[in-house]
Amino acid sequence: MHVTLDTMVDTLKAAAESSRLRILTLLSRGDLTVSDLTEILGQSQPRVSRHLKLLLEAGLIDRYQEGSWAFFRLSDADQERGFVQGLVAGIDRGDGQVTRDLERLDDVKRRRQERAAHYFSANAASWDEIRSLHAPDRAVEAALLKLVGKRPFQSMLDLGTGTGRLLEIFAPLYRRGVGIDMSREMLTVARANLDKAGIANAQVRQGDIFSPPVERDAFDLVTIHQVLHYLDDPARAIQEAARLLRPAGRLVIVDFAPHGLDFLRSEHAHQRLGFSDRQMADWLAEAGLELEETQEFEPRSSAKASLTVKLWLARDKRLLIADPNPEIQAARETA
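Residues numbered from 1 in each chain as written. Predicted model: local features only at pLDDT ≥ 70, side-chain atom pairs only at ≥ 80, totals over all residues. Heavy atoms only, no water.

**Some details on the sheet that holds strand β8 (residues 245-256)**
Phase 1 of the analysis: Ordered in space as β6-β5-β4-β7-β8-β10-β9, the seven strands form an open sheet in which the pairing is mixed. Taken across any chain shown, the strands that pair with only one partner, and hence form the sheet edges, are β6 (202-206) and β9 (289-297). This sheet shows a mean twist of 15 degrees between the axes of neighbouring strands, independent of strand direction.
Phase 2 of the analysis: As judged from the eight bridges shared by β9 and strand β10 (residues 309-316), these two strands associate in the antiparallel manner. What sits directly across from E293, in β10, is L313.
Phase 3 of the analysis: Contacts between helix α12 (residues 277-286) and the sheet are confined to β8, β9 and β10, with β9 contributing the most and set at about 155 degrees to the helix. (Pairing = 2+ DSSP bridges. Helix = DSSP H or I, 4+ residues; strand = E, 2+ residues; numbered from the N terminus. Axes fitted to C-alpha atoms, helices over the stretch in contact; angles between N-to-C directions. Contact = heavy atoms within 4.5 Å.)

Okay, structure coming up:
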């Protein structure tokens, strides 16, 4: 895709300023708030906001709201993101100003990780109780990686991303990853985990699984991991996920098989006590998806109070229209 001469000049003007280049360099390493950037740059909030406004108008960055916080990130558009990444790649990492900025960025990320650790410690007992009832997470993750395959693809969306673990394990495969979660505390955890893993090609955002703040027909892989049992209308969530898939895109759902552990409803806010294959197949069909594979993971113990984990893989039945980028097209066709 090409742009007009005037558009290119405007884009170059927006980026051709030291503070704005510093901002783009920082955002290439993850999403940041105005307060984060003010602290890192050592500039006033009005000045930083002015730079952000110019970058927004040029389409080089995006803004999204998370409660009372506003986060900024590099543009989701491939052309603009590629332009910025090319600029940033050409900056000398040994430059004194860049070095100081990245040191301050590390401080910001360290505080995120401290907040995440505090949240984890406050909730660890509850999560560990549920984990003890089913197959080890690593076994399910290994199956997911095998199922999705090793071919790269364009974009991934994780609905109800939680700790961001799926974004982490699939990061080598996608060019752009997005995680959605309603909980700001969980988003803090996810950001800290992605920062710690050095993953810059994924972002997390606050949003409702029934109305996620992302574009439709835009994702090659959508995942819903251990989320549906918290919802009063799982079928609606699956229908929404289907609308977000590109033609031939895949939806992966991980949840529990039917069980009778009522304490999960009363003590852990589970609204559904698992899902049968028939129920899931019907919901996927209603959403216009074709169920391709089902896998089952037995609990780690034979105790009566145990959970069987299920994995369902479905695909959008629409034919994939040729992509002008042959590498991306080949990756999607073989995914």
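**Considering the packing of helix α2 (residues 18-27) against helix α3 (residues 34-41)**
Phase 1 of the analysis: Two elements in contact, α2 and α3, have axes separated by 11 Å at closest approach and are oriented at 120 degrees. By the angle between their axes, α2 is oblique relative to α3. The two elements α2 and α3 cross, and the hand of that crossing is right-handed. On α3, the residues touching R22, I23 and L26 of α2 are L37, I40 and L41.
Phase 2 of the analysis: Taken together, the residues of the contact of α2 with α3 sort by class into five nonpolar, no polar and one charged. (Parallel < 35°, antiparallel > 145°, perpendicular 65-115°, else oblique. Left-handed = near helix turned anticlockwise from the far one by under 90°. Nonpolar A, V, L, I, M, F, W, Y, C, P; charged D, E, K, R; others polar.)

**Some details on α12**
Owing to its 3.6 residues per turn, the α-helix brings residues three or four apart onto one side.
Phase 1 of the analysis: Listing the buried residues of α12 in full gives M280, W283 and L284. Across the axial projection of α12, the buried residues extend over an arc of 100 degrees, all falling on one side. Turned more than 90 degrees away from the buried face of α12, the exposed residues are R278 and E286.
Phase 2 of the analysis: Turning to α12, the residues buried within the fold contact α10 (234-244), β8, β9 and β10. (Buried < 20%, exposed > 50% of the residue type's maximum accessible area, 1.4 Å probe, protein only. Arc of directions from axis to C-beta.)

**A closer look at unusual backbone geometry**
Phase 1 of the analysis: Unlike most non-glycine residues, D217 shows phi in positive territory, near 50 degrees.
Phase 2 of the analysis: Relative to the helices and strands, D217 resides in the loop between β6 and β7 (219-225).
Phase 3 of the analysis: Accessibility expressed as a relative area gives 39% for D217, which makes it partly exposed.

**Things to note about the pairing of β8**
Phase 1 of the analysis: In terms of burial, β8 is largely enclosed, as eleven of its twelve residues are buried.
Phase 2 of the analysis: In this region the chain leaves β7, passes through α10 and returns to the parallel neighbour β8; the handedness of that crossover is right-handed. (Right-handed = clockwise from strand over helix to strand, strands pointing away.)

**Topic: the packing of aromatic side chains**
Phase 1 of the analysis: Taken as a whole, this structure holds one aromatic pair when the rule is applied.
Phase 2 of the analysis: When the ring centre of F71 is taken as origin, the NZ or CZ atom of R191, which lies over that ring, is 3.9 Å away. (Phe/Tyr/Trp six-rings, centres within 6.5 Å; stacked < 30°, edge-to-face > 60°. Lys NZ or Arg CZ within 6 Å of the ring centre and 35° of its normal.)

**Examining the pattern of salt bridges**
Phase 1 of the analysis: One pass over the structure, following the stated rule, counts 19 salt bridges.
Phase 2 of the analysis: In this structure, the salt-bridge partner of R176 is E215, at a minimum N-O distance of 2.9 Å. Of this pair, R176 sits in strand β5 (residues 174-181) while E215 sits in the loop between β6 and β7, and the two are 39 residues apart along the sequence.
Phase 3 of the analysis: Note on R176: relative accessible area 8%, which makes it buried.
Phase 4 of the analysis: Since its relative accessible area comes to 35%, E215 is described here as partly exposed.
Phase 5 of the analysis: Between R278 and D282 there is a salt bridge; the shortest N-O distance is 3.4 Å. Here R278 and its partner D282 are both found in helix α12, four residues apart, which amounts to about one turn of the helix.
Phase 6 of the analysis: Residue class for R278 comes out exposed when judged on its relative accessible area of 62%.
Phase 7 of the analysis: Judged by its relative accessible area of 35%, D282 falls in the partly exposed class.
Phase 8 of the analysis: By sharing partners, the salt bridges in this structure join R138, E141, R165 and E168 into a single network. (Salt bridge = Lys/Arg side-chain N within 4 Å of Asp/Glu carboxyl O.)

**Section: the side chain of R250**
Phase 1 of the analysis: Here R250 is to be found in strand β8.
Phase 2 of the analysis: Salt bridges are absent for the buried R250, whose nearest opposite-charge side chain, E292, sits at 6.6 Å.
Phase 3 of the analysis: Within the structure, R250 has its side chain in polar contact with the backbone oxygen of V148 (distance 3.2 Å). (Lys, Arg positive; Asp, Glu negative; His and termini not counted. Polar contact = N/O pair within 3.5 Å; in protein donor to acceptor, adjacent residues only side chain to side chain.)

**A short note on the packing of α10 against α12**
Phase 1 of the analysis: Running from N to C, α10 and α12 cross one another at 45 degrees; their axes reach a closest spacing of 9 Å. Considering the angle they form, α10 stands oblique to α12. Here α10 runs over α12; the crossing is right-handed. Taking contact as the criterion, the partners of P234, A235, I238 and Q239 in α10 are, on α12, M280, W283, L284 and E286.
Phase 2 of the analysis: Split by residue class, the contact of α10 with α12 holds six nonpolar, one polar and one charged.

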